[in-house]
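Spelled out, the chains give:
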Amino acid sequence: MTIHLSPHRAGRNAGIGSRSVAAILGGYGLASLAAMSLALLPGPPAEAVLWGMMASYAVMAAAVMWCFAAGSALRAWTGLLIPALPLVAWLWINVGGGA
Amino acid sequence: MKGGFRQSMAWLHTWSGLLVGWVLFAVFLTGTVSYFRAEISFWMRPELHAARVAPDAAENVLRRMHALAPSSSSWIINLPSERDPLARVFWRDPSAGGNRFRRAILDPATGEDLPARETLGGDFFYTFHYQFHHMPVLWGRWIISVCAMFMLVAILSGIVTHRRIFADFFTFRPRKGQRSWLDGHAVTAVLALPYHLMITYTGIVTLMLMTMPWGVQVAFKGDNQAFSATVFGLERPSPRSGQAAPLAPVMPMLDAASRHWGGAQPGRITVNNPGDVTSTVQVFRVDDDRLSVNRQVVSFNGVTGAMVSASGGNRPAAETRGVMVGLHRGVFGGGAMRALFFLSGLMGTVMVATGIILWAVKQRQKLGARAGAGTRLVEVLNVAAIGGLPIAMTSYLWANRLLPVEMAQRSAWEVHVFFIAWGIAAMHPLLRTHRRAWVEQLGLGAALLLLLPALNAVTTHSHLGITLPAGQWALAGLDLLALGFGAALAFAAWHVGQPVAEKRHARHPARQVNPVPAE
């Protein structure tokens with residue numbers, strides 16, 4: 001069961017390494033952003049925090065799968081950044097702006 | 001992606017499963033037996049087997065608590081139940097080491113201490129399955145949370161990889177080498193798929209306050225206590241005033257709480273500042289009669305006995321979390337439900353085992369004797385985990401019966417026996433051929449399990465000859481399960497040891513089962 005991410009072995013290994021970092025660190029980062037963003041939704045704060053926590057692992061699992069499904073390591077990273085940007089903006093408006 | 005999606009998910013499935021497969025196997029197996037944690041703990045304390053549930057247990061136990069811990073700031077009393085007919089009590093004592101709690105097991109009929117051998121009982125397997133042992137608690141929980149996340153990814157990518165979900169309900173082709181391992185992996189995965197997804201996700205959720213605390217940072221400015229107080233209703237008790245006042249009778253409080261819940265039973269009592277004018281009593285509803293673990297508490301004034309407050313209904317998110325944790329623990333549906341969860345957990349254990357074996361078998365088939373150190377490492381780890389853990393767990397039960405009852409550090413030594421046995425089992429496959437290692441470890445595991453009821457008969461008075469006629473299923477069940485698992489391991493040892501499997505496929509060398517690796 002091999003995956004041909006690049007014609008050269010070294011390039012392939014670098015690709016897998018980059019995807020793994022994207023999946024583990026990037027995936028956790030995106031899940032954390034989702035958890036924080038959901039925590040700021042209107043309603044009782046404790047409820048919002050719990051929804052965010054419980055949903056975050058689904059976000060992480062999806063992000064990890066994306067990182068290995070994407071056509072290239074670069075696309076994997078880009079695919080994490082695109083949903084991250086609006087979440088960061090939402091957090092910036094609600095927390096960063098007020099602080 | 002041009003059609004490579006399934007292929008890339010197959011790759012992800014293989015590696016996310018293989019990298020942490022051994023940890024997952026251990027977590028699945030120790031977690032699965034933990035559905036019978038109370039029964040294992042009871043079995044491991046034969047001195048208590050004569051105890052019977054008493055209707056006035058709460059009064060008897062509280063009377064004893066006044067003598068045991070008159071000036072403690074809090075008592076926690078777990079009332080006896082059918083599954084566990086003893087009163088387990090804890091009380092805060094600043095002079096005690098560790099977590100500042102002392103504990104005792106009391107006879108529900110008299111309130112007297114029941115001296116029992118020192119053991120961690122089933123709690124050892126239970127805590128091992130989410131935090132290991134001999135390791136800082138947070139480290140263990142983090143490692144297992146990360147492994148559970150790998151598991152979640154492995155399951156999801158496995159579903160994508162695997163397109164014949166329904167057909168595989170009926171597909172098992174035995175004695176076909178790699179094919180059989182693949183079928184075995186798929187059939188255990190598919191039959192209990194909802195369980196596997198549920199147990200993995202809810203397992204991660206049980207530790208989410210540790211692994212995903214960032215929402216509390218932004219919504220509560222990092223004030224964990226404020227968050228916990230809102231979600232779990234944890235109130236900090238007031239300090240003792242020093243002005244003495246007797247504790248009101250507790251039976252009327254239990255009745256009032258039970259009426260409040262529409263007849264449900266109380267399972268636990270906590271008393272804060274007993275014997276002081278500030279004393280309060282909280283009565284907790286038993287948690288095995290409903291899905292959510294969120295506690296339902298009725299609080300009373302400890303001096304007047306008047307009801308002060310009752311925890312209300314939970315909001316949706318808190319209730320969702322409670323249901324998730326309740327699903328994970330599987331205590332809600334009685335014995336039949338627990339048995340079903342136990343079977344599903346076993347299927348998960350076999351799914352992980354067949355998955356990591358399948359990888360090694362495939363490598364051997366592909367590379368034969370050219371397979372490198374990586375394949376050999378996986379093979380050794382497979383035997384150490386799949387063959388070794390049952391040996392270690394059963395050795396723990398043997399130690400419980402064989403170590404002297406009065407031995408110092410007894411419960412620690414039971415655990416030492418577990419790790420020593422596992423350590424030897426981990427070294428053993430390095431010195432043997434792969435096939436010999438399997439046969440010997442499966443055979444030893446089978447022997448230890450099959451002989452456990454005999455050992456129990458020699459060392460205690462609650463063996464099958466007594467527990468079966470008396471209908472003590474909680475005790476007989478463990479002996480019977482040991483016989484069942486022993487028979488299964490014996491069959492596996494016999495099966496692996498058969499040279500026939502190789503000869504049958506001799507005409508198709510590419511399909512050889514388990515070829516013996518080059519030394």
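Predicted, not measured: the structure shown is a model, and the values here were computed from it. (Residues numbered from 1 in each chain as written. Chains lettered and ligands numbered in written order. Predicted model: local features only at pLDDT ≥ 70, side-chain atom pairs only at ≥ 80, totals over all residues. Heavy atoms only, no water.)

Residues and elements named next belong to chain B. Where helix α4 (residues 123–131) meets helix α15 (residues 410–431), the closest approach of the two axes is 11 Å, and the angle between their N-to-C directions is 55°. As judged from the angle between their axes, α4 and α15 are oblique. Where α4 crosses over α15, the handedness of that crossing is right-handed. Seen from α4, the contacting residues are Phe-124, Phe-125 and Phe-128; seen from α15, they are Val-415, Phe-418, Phe-419 and Trp-422. (Axes fitted to C-alpha atoms, helices over the stretch in contact; angles between N-to-C directions. Helix = DSSP H or I, 4+ residues; strand = E, 2+ residues; numbered from the N terminus. Parallel < 35°, antiparallel > 145°, perpendicular 65-115°, else oblique. Left-handed = near helix turned anticlockwise from the far one by under 90°. Contact = heavy atoms within 4.5 Å.)

For the rest of this paragraph, the subject is the interface of chain B and chain A. At the interface, 43 residues of chain B touch 34 residues of chain A. Carbon and sulfur atoms make up 80% of the surface buried where chain B meets chain A, a total of about 3400 Å² over both sides. Looking at the side of chain B facing chain A, the largest losses of area belong to B:Trp11, B:Met212 and B:Val218, adding up to 21% of the total buried there. Looking at the side of chain B that touches chain A, the elements with two or more residues in it are α1 (5–33), α5 (137–161), α7 (193–206), α8 (208–211), α9 (214–219), α10 (224–232), α12 (316–329) and α13 (334–367) of chain B. For the side of chain B that touches chain A, the residue count by class is 31 nonpolar, 8 polar and 4 charged. (Buried area = accessible area lost by both parts, 1.4 Å probe. Nonpolar A, V, L, I, M, F, W, Y, C, P; charged D, E, K, R; others polar.)

Another aspect to go through is the domain arrangement of chain B. All names here are of chain B. Here chain B is described as being made up of domain 1 (1–45 + 117–232 + 326–333), domain 2 (52–116 + 234–310) and domain 3 (372–519). The gap between the C-alpha centroids of domain 1 and domain 3 is 23 Å. Every contact between the two is made by 26 residues of domain 1 and, on the other side, 36 residues of domain 3. Both faces combined, the contact of domain 1 with domain 3 buries some 3100 Å², and carbon together with sulfur accounts for 70% of it. One can count 9 residue pairs in polar contact (both at pLDDT 80 or more) joining domain 1 with domain 3. (Domains from an automatic or database assignment. Polar contact = N/O pair within 3.5 Å; in protein donor to acceptor, adjacent residues only side chain to side chain.)

Once that is clear, we can look at the pairing of strand β5 (residues 280–285) of chain B. All names here are of chain B. Buried residues dominate β5, accounting for 5 of its 6 residues. In the sheet, strand β4 (residues 266–272) pairs with β5 via 6 bridges, with the strands oriented antiparallel. By the bridge assignment, Thr-270 is partnered in β5 with Gln-282. (Buried < 20%, exposed > 50% of the residue type's maximum accessible area, 1.4 Å probe, protein only. Pairing = 2+ DSSP bridges.)

Here we come to the pattern of salt bridges. Residues and elements named next belong to chain B. Inspection of the entire model under this criterion finds 14 salt bridges over all chains. The shortest N-O distance in the salt bridge between Glu-39 and Arg-338 comes to 3.7 Å. Of this pair, Glu-39 sits in helix α2 (residues 37–43) while Arg-338 is found in helix α13, placing the two residues 299 residues apart along the sequence. A residue is classified by how much of its surface remains accessible, and Glu-39, at 10% relative accessible area, is buried. In this structure Arg-338 comes out as buried when scored by relative accessible area, which is 8%. As a salt-bridge pair, Glu-47 and Arg-117 come within 2.9 Å of each other at their nearest N and O atoms. Taken together, the positions of Glu-47 in the loop between α2 and α3 (57–68) and Arg-117 in the loop between β3 (101–106) and α4 put the pair 70 residues apart, joining distant regions of the chain. The partly exposed category is assigned to Glu-47, whose relative accessible area is 31%. (Salt bridge = Lys/Arg side-chain N within 4 Å of Asp/Glu carboxyl O.)

The subject of this paragraph is the side chain of B:Ser41. Its place among the elements puts B:Ser41 in helix α2. Other than its neighbours up to four places away in sequence, B:Ser41 contacts B:Leu120, B:Gly121, B:Gly122 and B:Asp123.

The next point concerns unusual backbone geometry. Residues and elements named next belong to chain B. Positive phi values are uncommon outside glycine, yet Phe-132 reaches one of about 60°. Its location among the elements puts Phe-132 in the loop between α4 and α5. Classification of Phe-132 by relative accessible area gives buried; the value is 14%. One non-glycine residue, His-134, lies in positive phi territory at about 55°. Considering the arrangement of structural elements, one finds His-134 in the loop between α4 and α5. Assessed through its relative accessible area of 57%, His-134 is described here as exposed.

Residues and elements named next belong to chain B. A contiguous nonpolar surface patch, about 580 Å² in accessible area, is contributed by Met-135, Leu-138, Trp-139, Trp-142, Ile-143 and Val-146. Following the sequence through the fold, Leu-138 ends up in helix α5. Classification of Leu-138 by relative accessible area gives exposed; the value is 54%. (Patch = residues over 30% accessible without salt bridge, like charges linked within 9 Å, V, L, I, M, F, W, Y side chains within 5 Å. Areas by Shrake-Rupley, 256 points an atom, 1.4 Å probe, with all protein chains shown as cover.)

This next bit is on the environment of A:Ala76. All names here are of chain A. By secondary structure assignment, the location of Ala-76 is in helix α3 (residues 73–96). Residue class for Ala-76 comes out buried when judged on its relative accessible area of 0%. Linking Ala-76 and Leu-87, residues 11 residues apart in sequence, is a C-alpha distance of 18 Å. Discounting residues that sit within four places of it in the chain, Ala-76 has contacts with Trp-66, Cys-67 and Ala-70.

Residue and element names in this part refer to chain B. Sheet architecture is open: 7 strands sit in the order β3-β2-β1-β4-β5-β6-β7, paired in antiparallel fashion. The open sheet has two edge strands, β3 and β7 (307–310), and neither has a second partner. Neighbour-to-neighbour, the strand axes of the sheet open up by a mean angle of 20°, direction not taken into account. Across the sheet, helix α11 (residues 251–260) is in contact with β4, β5, β6 (297–301) and β7; its angle to β6 comes to roughly 145°.

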